[in-house]
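Breakdown of the fold
Residues per chain, in single letters:
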Amino acid sequence: MTAPLPSKKYFRIGEVSRLLEIPSHVLRYWETEFRAVRPLKSASGQRVYSRRDVERLQLIKRLLRDERYTIEGARRALKER
């Protein structure tokens, strides 16, 4: 189970990794597979996820890990929502 999101608008990749209990390299991979997740880059080049991105990542994690969807199946499920 993932932790509730803190009440803030933007999160760095390390924060998202800890919140979702997923390694940062998996988050970077999911960015390439799911167009719904597009973090911004800070002036220093660090990924900055919006609250909406993090909520989508929570859903992606649930679809892939808990409901055992394939990447393609999870893509379709996201489009339907």
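Provided above is the structure to which this section pertains.
Figured I'd write up the structure that's included with this text. (Residues numbered from 1 in each chain as written. Predicted model: local features only at pLDDT ≥ 70, side-chain atom pairs only at ≥ 80, totals over all residues. Heavy atoms only, no water.)

A few points about the nonpolar core
Buried together is how nonpolar side chains tend to be arranged in soluble globular proteins. Grouped together as the largest cluster of nonpolar side chains are 22 residues, with contacts concentrated most on Val16, Leu27, Trp30, Phe34, Tyr49, Leu57 and Ile60. Among the secondary structure elements, those contributing two or more residues to this core are helix H1 (13-20), helix H2 (24-33), helix H3 (51-66) and helix H4 (71-80). Broken down by element, the residue count for this core peaks at six residues, all from H3. Excluding residues within four positions of it along the chain, Phe34 makes contact with Ile60, Leu64, Ile71, Ala74, Arg75 and Leu78. (Core = buried A, V, L, I, M, F, W, Y, C linked by side-chain atoms within 4.5 Å. Buried < 20%, exposed > 50% of the residue type's maximum accessible area, 1.4 Å probe, protein only. Helix = DSSP H or I, 4+ residues; strand = E, 2+ residues; numbered from the N terminus. Contact = heavy atoms within 4.5 Å.)

Overview of H1
Regarding H1, the residues found buried are Ile13, Val16, Ser17, Leu19 and Leu20. All buried residues of H1 project into a common sector of 165° when viewed along the axis, lining one side. Along its buried surface, H1 packs onto strand E1 (10-12), H2, strand E3 (47-50) and H3. Downstream of H1 by a residue or two, Glu21 has a phi angle that is positive, lying close to 55°. (Arc of directions from axis to C-beta.)

So, the sheet that holds strand E2 (residues 40-41)
Taken in spatial order, the three strands make up an open sheet running E1-E3-E2, and their pairing is antiparallel. Sheet topology places E1 and E2 at the edges, where each strand pairs with a single neighbour. Pairing between E1 and E3: three bridges, direction antiparallel. Residue pairing across strands places Phe11 opposite Tyr49, the latter belonging to E3. The strands touched by H1 are E1 and E3; relative to E1, the strand with the most contacts, the crossing angle is about 90°. (Pairing = 2+ DSSP bridges. Axes fitted to C-alpha atoms, helices over the stretch in contact; angles between N-to-C directions.)

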